[in-house]
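Per-entry structural report
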Amino acid sequence: MSVVVCGEAMLLMLAEPGVPLERAVAFRRSIAGAESNVAAGLARLGHQVRWLGRVGADPAGASVLAMLRADGIDTRHAVVDPDAPTGLLLRDSHPSRAIDVQYYRAGSAASRLVPGELTPEMMDGARLVHVTGITPMLSDSAHLATLRLLDLAKAAGATISFDPNIRLKLGPPDRWRERVAPLMGRADVVFAGADELELLQVDPAGLPGLAVVKHRDKSAGCAGLRQEAFPVPVTDPVGAGDAFAAGFLSGMLRGMPYETCLREGAAVAALVVQCANDTDGLPDRVGLDRALAAFTAAGE
Ligand code: KDG
C-alpha cells in the first residue's frame, strides 16, 4: 500500500446544481470528506491507497464504503460502529455564490476514533500518509488519534502530508490554532491556503517541511515556484484543494520535480471544479495527461 489516509468520510447529499439548499427538491447521493477525496484522487491516478476511518452500521456507512471501494481504495481496516451514525453532509453547489454546507456529524461514528484503534500494521508499505486538520477537530479522542497516527507514520518512515482544511463550523479560530497549528510542524509537506496560514498564525517559511501555499488569486507555489490556476469554467469549487493535493502528491510519489507536481495539482483541480460534486472530475492517468496536453497546447 503506498498511501494511507485517515479521516471522516460522510454521505453527501448534493442539491441539484444552482438551486439553494432550502429550495432544492432533487439531491444526488455521493461522498464527502477531505481525506477520502485525496484518496480517490490518488487511487484514480493509479496509486494504491488505504482509507482508515469509521462509519456507522447504517445504509449511509455501507454506501460510503461502497463508493470508496468502487475507486479501488482498501477499506479493510475501516471500523463499522453499531452505536453511532455515519456523518452526513448536505450542500448545494454554485459557481460563484457562497455554498451552503450543513453538517450532521456531531457524535458521528468517525468522531469516536480513538488512538488504540490505530495500529502499526495499518502503515504496512506506506510511503505517504495524508492527514488533515479536520480529524483533530472532530473530538478529543480523534485529536489524540491524530497524534498517534503521526507517530505511526513517522515510525513507518512514511512521508507525512498535512492540510489544515480549516472549517470554522468545527470550532473557533483559537481552537484551530491550539490543535492544528502544532501538527503542521510534524509534516514533511503542508498544503495550506494563505488565509489559513494567517488564521493559524503560521509562517510557512518557519515550517520544517515543504510548504505548498495556495494563494488568494488561485495560484499555488512552493520552493520559489509558482503555478497559476488553469482558466476553466467553474461549476462547483468544493474539493479543489483536495484535488490539488492529490495531483501534487501523485507527482511526488512518482519522483517528479516540484514544478511538475504543481502543474499536475493545478490540472487535477481544474478538472474537478468543472463538475458538481467533490470527486466526479477526478481524472485517471490518461485523463490527466490529456488535460495537461490541452493546457500546454493552449499556452497555459
Ligand atoms: O474538502 C472538501 C470538503 O469540504 C468536503 O468533502 C467535506 O471534508 C469535508 C468537510 O469536513 O467539510
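Our structure is the block above this text.
Thresholds applied
Residues numbered from 1 in each chain as written. Predicted model: local features only at pLDDT ≥ 70, side-chain atom pairs only at ≥ 80, totals over all residues. Heavy atoms only, no water. Near = heavy atom within 4 Å. Polar contact = N/O pair within 3.5 Å; in protein donor to acceptor, adjacent residues only side chain to side chain. Areas by Shrake-Rupley, 256 points an atom, 1.4 Å probe, with all protein chains shown as cover. Nonpolar A, V, L, I, M, F, W, Y, C, P; charged D, E, K, R; others polar. Phe/Tyr/Trp six-rings, centres within 6.5 Å; stacked < 30°, edge-to-face > 60°. Helix = DSSP H or I, 4+ residues; strand = E, 2+ residues; numbered from the N terminus. Buried < 20%, exposed > 50% of the residue type's maximum accessible area, 1.4 Å probe, protein only. Lys NZ or Arg CZ within 6 Å of the ring centre and 35° of its normal.

This next bit is on the site of the ligand. Neighbouring the ligand are 13 residues; Gly-33, Tyr-103, Arg-105, Asp-242 and Asp-278 lie closest to it. Between the ligand and the protein, one listed contact pairs an oxygen atom with a backbone N or O atom of Ala-34 at 2.8 Å. Look at the ligand: alone it shows 320 Å² of surface, and the protein chains cover 93% of it. Grouping the amino acids of the shell around the ligand by side-chain chemistry returns seven nonpolar, two polar and four charged.

Further remarks concern the packing of aromatic side chains. What the rule picks out here adds up to five aromatic pairs. Each ring, one from Phe-248 and one from Tyr-258, has its centre 6.4 Å from the other, and the planes form 15°; the classification is stacked. Separated by 10 residues along the polypeptide, Phe-248 in helix α8 (residues 240–253) and Tyr-258 in helix α9 (residues 258–272) bring together distant segments of the chain. On the basis of relative accessible area, Phe-248 is assigned to the buried category, the value being 0%. Of the aromatic side chains, those joined through ring pairs into one cluster are Phe-191, Phe-244, Phe-248 and Tyr-258. Between Arg-105 and the ring centre of Tyr-103, over which it is positioned, the NZ or CZ distance is 4.5 Å.

Mapped onto the elements of the fold, Arg-97 is located in the loop between β7 (88–91) and β8 (101–104). Judged by relative accessible area, Arg-97 falls into the partly exposed class, the value being 30%. Of note is the side chain of Arg-97, whose polar atom sits 3.0 Å from the backbone oxygen of Gly-18.

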